[in-house]
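# Coordinates in review
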Protein chains: 2
Amino acid sequence: REVLFFPSRPCCIEALLAEAAEPGAPARPCPCPLPSGDTALSRLVRRLLSARRSLDLCLFSFSCPQLARAVQLLHRRGVRVRLVTDAQYMGLHGSQIGRLRHAGIQVRHDQHSGYMHHKFAIVDRRMLITGSLNWTTQAIQSNRENVLVVEDADYVKAFQDEFERIWEEYNPANYIFFP
Amino acid sequence: REVLFFPSRPCCIEALLAEAAEPGAPARPCPCPLPSGDTALSRLVRRLLSARRSLDLCLFSFSCPQLARAVQLLHRRGVRVRLVTDAQYMGLHGSQIGRLRHAGIQVRHDQHSGYMHHKFAIVDRRMLITGSLNWTTQAIQSNRENVLVVEDADYVKAFQDEFERIWEEYNPANYIFFP
């Protein structure tokens, strides 16, 4: 049970990613000038990297390269990643959606003029990560934002059910346009 | 403990507002064609109208006239309403911020290029209402959105503390520009 507030100080997450990619491997110092301290971003990344079986993402906007690397790493490690996003925003400059699709991650999107405006993640069907934060570097570094980490089963189930509804509704078999 | 998902069916909230303005008064049917059923919007309005002492609002975008009427009603009823919003968005066409200020409600805004992107409300310092939903008619009627209603004291305190931090930081005595 945790609340993260943003903006987050910029930080290096290489050590977190390296540890997740190869647990127990000797740490190699990253040459970048950013500190690797405890920040809202590093806490968010830690929560995501705790996934062992599944990661369900429902994200209006996803352009942050650091978070995209964390998601790709989970996918490579065999975690079942599913991603729902917004059709208008997924094609914007800097979007990570194409890169994630290229890596083999399943992506589905809405077909409406209204936005798919959720910003939540569910880790292993047991931990809900939700709030105002779009997964963009601008939001992480410059905006006032909140993210709740919730393990209460009632809340998690409500969002998991919403995810499954949307996942079925956005099945590509139902697509009538392809942006 | 509740989760509301949007889009909400359009609905008439006149009966809710009338009951809140004059509890126990005989209901007068509204001539509008909208149903007055149980919807995500009507549930959100009910939660807000339960305020007796204070309503702290921290909203990126606030253009929904129905929600503005509910907030004005609480203000008239003597509830202490404080509103924090985003400087870039508060001047957009359709924004309700000017109307609320005109009614005598205290409003403060950021001075940053980053967004004040929170979308939460705290009722009587005991109930947190937070999620992805901006308070716009578009979001309510057209977007996929979530709103959590949380009475857990730890979460409420974290958001109340964030509200007080922002409220002080955005004190007009500190303003260096006036949009």
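An unreviewed UniProt entry lists chain A under the name Mitochondrial cardiolipin hydrolase, with Cettia cetti given as the organism. One UniProt comment on chain A, placed under Catalytic activity (unreviewed entry), says "a cardiolipin + H2O = a 1,2-diacyl-sn-glycero-3-phospho-(1'-sn-glycerol) + a 1,2-diacyl-sn-glycero-3-phosphate + H(+)". What UniProt records for chain A under Sequence similarities (unreviewed entry) is the sentence "Belongs to the phospholipase D family. MitoPLD/Zucchini subfamily."

This structure, assessed with the given rule, holds 14 aromatic pairs over all chains. Measuring from centroid to centroid gives 5.0 Å for Phe120(A) and Phe159(A), while their planes differ by 85°, and the two rings are edge-to-face. Taken as a pair, Phe120(A) in strand 5 (residues 119–123) and Phe159(A) in helix 6 (residues 153–169) lie far apart in primary sequence, 39 residues in all. The pair formed by Phe120(A) and Phe159(A) is uniform in burial state, with each residue classed as buried. Between Phe159(A) and Phe5(B) the ring centres are 5.4 Å apart and the planes differ by 70°, which places this aromatic pair in the edge-to-face class. Here the residue Phe159(A) occupies a position in helix 6, and Phe5(B) occupies one in strand 1 (residues 2–6), the pair thus bridging two chains. When its relative accessible area of 0% is taken as the criterion, Phe159(A) is described as buried. Taken together, the ring pairs connect Phe5(A), Phe120(B) and Phe159(B) into an aromatic cluster. Above the plane of the ring of Phe5(B) lies Arg165(A), whose end atom (NZ or CZ) is 5.7 Å from the centre.

Residue and element names in this part refer to chain A. The mixed open sheet is built from 7 strands, whose spatial order is 1-7-6-5-2-3-4. Single-partner strands in this sheet number two, and they are strand 1 (2–6) and strand 4 (106–109). Within the sheet, the average angular offset between the axes of one strand and its neighbour, ignoring direction, is 15°.

What follows deals with the interface of chain A and chain B. A common measure of how large an interface is: the accessible area buried when the components associate. Tallying the contact residues gives 34 residues for chain A and 34 residues for chain B. Summing the contributions of chain A and of chain B, the shared interface buries around 2900 Å²; its carbon and sulfur component is 56%. Area buried by chain A at its contact with chain B is led by Phe5(A), Arg144(A) and Tyr155(A), which between them contribute 28% of it. One salt bridge in this structure joins Arg144(A) and Glu169(B), with 2.7 Å as the shortest N-O distance. Here chain A is connected to chain B by 23 residue pairs in polar contact (both at pLDDT 80 or more). Broken down by secondary-structure element, the contributors of at least two residues to the side of chain A that touches chain B are strand 1, strand 5, strand 6 (127–131), helix 5 (137–142), strand 7 (145–150) and helix 6 of chain A. Per-element accounting of the side of chain A that touches chain B gives the leading share, 8 residues, to helix 6 of chain A. Considering only residue class, the side of chain A that touches chain B consists of 13 nonpolar, 11 polar and 10 charged.

All names here are of chain B. For strand 5 (residues 119–123), the tally of buried residues reaches 5 of 5 residues, placing the bulk of the element in the interior. Judged by which residues are buried, strand 5 turns out to be covered on both faces: Lys119, Ala121 and Val123 on one side and Phe120 and Ile122 on the other are all buried. Where strand 2 (residues 54–59) lies against strand 5, 5 bridges are found, and the strand directions are antiparallel. Paired with Leu57 across the bridge in strand 5 is Ala121. Where strand 5 meets strand 6 (residues 127–131), 4 bridges bridge the pair, whose relative direction is antiparallel. Bridge pairing in strand 6 links Ala121 to Ile129. The turn linking strand 5 back onto strand 6 is made up of 3 residues, and Asp124 within it adopts a positive phi angle of 50°.

Glancing now at the pattern of salt bridges. Taken as a whole and judged by the stated rule, the model has 30 salt bridges over all chains. A salt bridge links Asp154(B) to Arg1(A), with the shortest nitrogen-to-oxygen separation between them at 3.4 Å. Placement of the pair is Asp154(B) in helix 6 (residues 153–169) and Arg1(A) in the segment before strand 1, with the two residues belonging to separate chains. The same class applies to Asp154(B) and to Arg1(A), which are both exposed.

Spatially, 1-7-6-5-2-3-4 (chain B) is the arrangement adopted by the 7 strands of the open sheet, whose pairing is mixed. Every interior strand has two partners, whereas the edge strands, strand 1 and strand 4 (106–109) of chain B, have only one. Taken pair by pair, the neighbouring strands of this sheet meet at an average axis angle of 15°, ignoring direction. Bridging between strand 1 of chain B and strand 7 (residues 145–150) of chain B involves 5 bridges; their strand directions are antiparallel. The residue of strand 7 of chain B that forms the bridge with Phe6(B) is Glu145(B). With respect to the sheet, helix 6 of chain A is in contact with strand 1 and strand 7 of chain B, its orientation differing from that of strand 1 of chain B by roughly 20°.

Turning our attention to the relation of the copies chain A and chain B. The two copies are related by a screw motion: chain A maps onto chain B through a turn of 180° and a shift of 0.0 Å along the axis, at an RMSD of 0.0 Å. The transformation relating the two chain copies, once decomposed into turn and shift, fits a two-fold axis.

Now for the UniProt feature "domain: PLD phosphodiesterase" (unreviewed entry) in chain A. The UniProt entry lists residues 112–139 of chain A under the feature "domain: PLD phosphodiesterase" (unreviewed entry), expressed in the numbering used here. The span residues 112–139 of chain A is 11% helical and 36% strand by assignment, and the distance between its end C-alpha atoms comes to 24 Å.

The rules behind each value
- Residues numbered from 1 in each chain as written.
- Chains lettered and ligands numbered in written order.
- Predicted model: local features only at pLDDT ≥ 70, side-chain atom pairs only at ≥ 80, totals over all residues.
- Heavy atoms only, no water.
- UniProt positions renumbered as here; feature names shortened; annotations may be inferred.
- Phe/Tyr/Trp six-rings, centres within 6.5 Å; stacked < 30°, edge-to-face > 60°.
- Helix = DSSP H or I, 4+ residues; strand = E, 2+ residues; numbered from the N terminus.
- Buried < 20%, exposed > 50% of the residue type's maximum accessible area, 1.4 Å probe, protein only.
- Lys NZ or Arg CZ within 6 Å of the ring centre and 35° of its normal.
- Pairing = 2+ DSSP bridges.
- Axes fitted to C-alpha atoms, helices over the stretch in contact; angles between N-to-C directions.
- Contact = heavy atoms within 4.5 Å.
- Buried area = accessible area lost by both parts, 1.4 Å probe.
- Salt bridge = Lys/Arg side-chain N within 4 Å of Asp/Glu carboxyl O.
- Polar contact = N/O pair within 3.5 Å; in protein donor to acceptor, adjacent residues only side chain to side chain.
- Nonpolar A, V, L, I, M, F, W, Y, C, P; charged D, E, K, R; others polar.
- Least-squares fit on C-alpha atoms with pLDDT ≥ 70 in both.

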